[in-house]
Amino acid sequence: MSPALSHEEIFAGRIAADERIEPKDWMPEGYRRNLIRQISQHAHSEVIGMQPEGAWITRAPSLKRKTVLLAKVQDEGGHGLYLYSAAETLGTSREEMIQALQSGRAKYASIFNYPCMSWGDVGAIGWLVDGAAIVNQISLQQTSYGPYARAMVRICKEESFHQRQGYDIMLNLCRGSGEQIAMAQDALDRWWWPSLMMFGPHDAESAHSSRSMAWKIKRQSNDELRQKFVDQTVPQAEFLGLRIPDPKLQWNEERGHYDFGEIDWEEFARVVAGDGPCNAERIDHHVRAHEDGAWVRKAMLAYEERHR
Ligand code: FAQ
């Protein structure tokens with residue numbers, strides 16, 4: 001009879017066989033902590049990400065655009081909830097995660113610290129930010145942790161509508177007046193580089209990548225996914241008649257990919273460290289909304305208590 005396998009060996013075998021790990025399964029502590037870190041930061045990004053576009057719901061140019069944007073922003077809130085729930089299955093609480101966000105211990109995607117200044121920016125966020133999010137999240141549908149992978153399937157379906165509504169705004173602007181075309185170009189000029197930053201540091205600089213890839217939490221690397229996004233987005237910009245603000249952008253026949261310029265990593269580090277154009281505003285707003293909602297949480301608990 002062969003000796004019984006250890007927890008570590010069973011876990012490693014399941015990862016090697018591409019089996020999903022579920023909440024009640026044994027998992028290494030590092031795997032659990034790394035997942036809580038990534039999933040909770042992902043959730044925070046969805047929730048903080050409601051703010052830039054949320055401010056445009058009342059200013060959208062037609063009733064149709066208002067209803068579409070309202071639904072889109074509401075979806076992002078829903079994505080945050082699925083992700084917080086997925087993280088809770090790993091033994092952390094919503095309160096702990098919110099506390100980590102509000103105290104600056106937990107990060108969220110740097111892109112949401114840039115201001116949304118025009119209707120063109122709302123289009124660019126849907127097109128580029130949701131577009132980048134989908135590239136990353138399609139890959140995460142194959143992540144090894146069951147609740148995270150399943151959340152990604154639904155989130156990707158919704159994000160693809162979001163991306164299309166953004167592209168539709170851009171298309172309308174680009175078929176409009178000279179002023180509207182200029183607004184679309186200005187939005188692309190400001191959102192292009194922050195969108196590339198969404199994929200994180202270069203693989204060689206990425207602190208978590210090697211462990212996350214070994215555990216199959218991440219299935220493709222930061223640079224691979226960034227390249228995929230550039231390759232699929234350049235033809236979309238060409239169709240709009242817009243110019244991507246990168247003089248080094250060029251098709252490389254040999255590689256079968258676009259070459260592109262270097263990201264301003266100092267700007268990335270600054271924004272991630274809390275010194276972007278809107279970091280303080282985003283967290284202040286979150287704290288205020290959370291405090292304003294305290295009575296709702298209290299009422300829900302009282303209701304639950306009464307019915308128990
Ligand atoms: N911004 O070692 P790595 C959306 C941090 S959803 C800020 O490479 P990892 C939908 C990283 O956390 C967008 N921080 O880390 C929407 C780590 O810090 P830590 C969010 C960043 O985890 C659309 C450190 O740098 N999507 O947009 C960023 O292996 C429109 C070292 O980096 C996800 O979160 C950044 N861009 O790879 C909503 C997807 N990049 O924790 C509203 C899930 C890196 O040590 C409107 N997450 N950092 O303090 C992931 O795939 C990964 O976590 C990466 C980073 C790829 C983001």
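Residues numbered from 1 in each chain as written. Predicted model: local features only at pLDDT ≥ 70, side-chain atom pairs only at ≥ 80, totals over all residues. Heavy atoms only, no water.

1. Notes on the layout of surface pockets
In this structure, the largest pocket occupies an estimated 1100 Å³ of space. What lines the largest pocket is a set of 43 residues, among which Gln 41, Ala 109, Met 198, Phe 199 and Gly 200 lie closest to the centre. What the second largest pocket holds in volume is close to 680 Å³. Val 47, Met 50, His 286, Ala 289 and His 290 are the residues nearest the centre of the second largest pocket, which is lined by 23 residues in total. (1 Å grid on protein atoms, 1.4 Å probe; cavity = no way out; pocket = protein on both sides within 12 Å on 5 of 7 lines; lining within 4 Å. Points joined across faces, edges and corners; volume = space filled by probe spheres on them.)

2. Remarks on the nonpolar core
The biggest cluster of nonpolar side chains holds 49 residues, and the ones touching the most others in it are Trp 127, Trp 191 and Trp 192. Of all elements in the fold, only helix H4 (63-88), helix H6 (119-140), helix H7 (146-174), helix H8 (178-197), helix H10 (222-240) and helix H11 (265-272) reach the threshold of two or more residues within this core. With residues up to four places along the chain from it excluded, the contact list for Trp 191 reads Ile 111, Tyr 114, Pro 115, Cys 116, Asp 121, Ala 124, Ile 125, Leu 128 and Val 129. (Core = buried A, V, L, I, M, F, W, Y, C linked by side-chain atoms within 4.5 Å. Buried < 20%, exposed > 50% of the residue type's maximum accessible area, 1.4 Å probe, protein only. Helix = DSSP H or I, 4+ residues; strand = E, 2+ residues; numbered from the N terminus. Contact = heavy atoms within 4.5 Å.)

3. Notes on the side chain of Gln 185
Topologically, Gln 185 is positioned in helix H8. Overall, the relative accessible area of 14% leaves Gln 185 in the buried class. Setting aside anything within four residues of it in sequence, one finds Gln 185 in contact with Leu 242 and Arg 243.

4. Comments concerning the pattern of salt bridges
Enumeration over the complete set of coordinates arrives at 20 salt bridges. Here Asp 25 and Arg 14 are joined by a salt bridge, their closest N and O atoms 3.0 Å apart. Taken together, the residues span a long stretch of sequence, with Asp 25 in the loop between helix H1 (7-16) and helix H2 (29-48) and Arg 14 in helix H1 at a distance of eleven residues. The exposure class assigned to Asp 25 is partly exposed, which follows from its relative accessible area of 23%. Among the residues examined, Arg 14 registers a relative accessible area of 21% and is labelled partly exposed. Here Glu 305 ties to Arg 308 by a salt bridge, and the two come within 3.3 Å at their closest N and O atoms. Through salt bridges with shared partners, one network takes in Glu 53, Lys 72, Glu 76 and Asp 130. (Salt bridge = Lys/Arg side-chain N within 4 Å of Asp/Glu carboxyl O.)

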